[in-house]
Amino acid sequence: MNILEEIKNKKEFRGLSDDFVSRVMVLYSNKYDIYDKKQKKELIKQTRAKLRDLHSAFRLRNYNKKEKYLNEMTIWNDKEQCTKILKLHISTNERLDHYDKLYSKLQKKIQFKSVLDLGCGLNVFSLPWMERFVTYYGVDVNKDDVDFCNDYLRRFALGGAVRLGDVMSFSKFMKADVTFMFKMLEALEQLERGSTEELFKRVTSPYIVASFATRSLGGKKPISARRLKWFEKLVDYQEKFKLGDEIYYVIKR
């Protein structure tokens, strides 16, 4: 068993993209000698802790009930069952009360018929709030979630697809009317500074909508928006607005 397999040898990590786990591991690999048993163990421990911060911590209690809720759906835009699924992930749960306003605002500005959603998680289940039928493409690092989202798209013949992978491992992406980057860019910058600028070069959509949290994980503490000066210097955004605990930037290419 190689070190990557050892890191992933826990249920919470098994579905994660190898590219993603490797990028996290690189943060610590220079600090430890993998040929020393104790140091190797510490490298695995540190990598797993970071993977929890970046991914596992967003899954809420009863996450495994999502399949049950999907099986109870008889139409693709069943908001009741979609709400139950969206409540299982911190990001989508925090956005639930604001999807109507968010998508209404974006549709008026962009009038999008297709979406590329990077780091999508379970966000495909917000489709019923988009006011019109939208073709949905996504990318996520967890195979279980990717398979689950694709099951929804196939079951109701919605078209589109969600792909497995670390977004930084793609040299280019499918073109869509708008690309969503919801609460993911700061995590990318933690792993490698300059990732946001590089990612923007690979995206071909005429519009990008990026968002950032205004409170810490679970909404416990406020986070100063001043930390986003780096992003505002990087992009020429058309509009900036706040909904709930998120700040959104609309960027026209």
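Residues numbered from 1 in each chain as written. Predicted model: local features only at pLDDT ≥ 70, side-chain atom pairs only at ≥ 80, totals over all residues. Heavy atoms only, no water.

Asks: Looking at this structure, how should I read the pairing of strand β4 (residues 178-182)?
Replies: For a regular strand, side-chain orientation follows a simple rule: the groups alternate between the two sheet faces. Across the five residues of β4, five count as buried, placing the element largely inside the fold. Every second residue of β4 is oriented toward a common face, with Val178, Phe180 and Phe182 on one face and Thr179 and Met181 on the other, all of them buried. Sheet topology places strand β1 (residues 114-118) next to β4; three bridges connect them, and they run parallel. The partner of Leu116 across the bridge, within β4, is Thr179. Of the strand pairs in this sheet, β4 and strand β5 (residues 207-213) are connected by five bridges, and their pairing is parallel. Paired with Phe182 across the bridge in β5 is Ser211. (Buried < 20%, exposed > 50% of the residue type's maximum accessible area, 1.4 Å probe, protein only. Helix = DSSP H or I, 4+ residues; strand = E, 2+ residues; numbered from the N terminus. Pairing = 2+ DSSP bridges.)

Asks: Any chance you could explain the pairing of strand β6 (residues 237-243) here in plain terms?
Replies: One ladder, built from six bridges, connects β6 with strand β7 (residues 246-252); its direction is antiparallel. What sits directly across from Lys240, in β7, is Tyr249. Counted between consecutive antiparallel strands, the loop separating β6 from β7 contains two residues, among which Gly244 sits at a positive phi close to 60°.

Asks: Looking at this structure, how should I read the environment of Glu197?
Replies: With respect to the helices and strands, the residue Glu197 is situated in helix α10 (residues 195-202). Taking the C-alpha atoms as reference points, Glu197 and Ile251, separated by 54 residues in sequence, lie 13 Å from one another.

Asks: Help me understand the sheet that holds β4, please; the structure alone is not making it clear to me.
Replies: The strands making up a sheet associate through hydrogen bonds between their backbones, and the pairing can be parallel or antiparallel. Taking strand neighbours across the sheet as the criterion, the seven strands line up as β3-β2-β1-β4-β5-β7-β6 in an open arrangement whose pairing is mixed. In this open sheet, the two strands that pair with only one neighbour each are β3 (161-164) and β6. The average undirected angle you get between the axes of adjacent strands in this sheet is 15°. Of the pairings in the sheet, the one linking β5 to β7 comprises seven bridges and is antiparallel in character. For Ala213, the partnering residue across the bridge sits in β7 and is Glu246. Strand contacts of helix α7 (residues 99-110): β4, β5, β6 and β7, with the helix running at about 165° to β6, the strand carrying the most contacts. (Axes fitted to C-alpha atoms, helices over the stretch in contact; angles between N-to-C directions. Contact = heavy atoms within 4.5 Å.)

Asks: Where do I start with unusual backbone geometry in this structure?
Replies: Trans is the common state for peptide bonds, and a negative phi is the common state for residues other than glycine. Of note in this structure, Gln111 is not a glycine but carries a positive phi near 55°. By the element assignment, Gln111 lies in the loop between α7 and β1. Of note in this structure, Ala157 is not a glycine but carries a positive phi near 50°. As for its placement among the helices and strands, Ala157 is situated in the loop between α8 (143-155) and β3.

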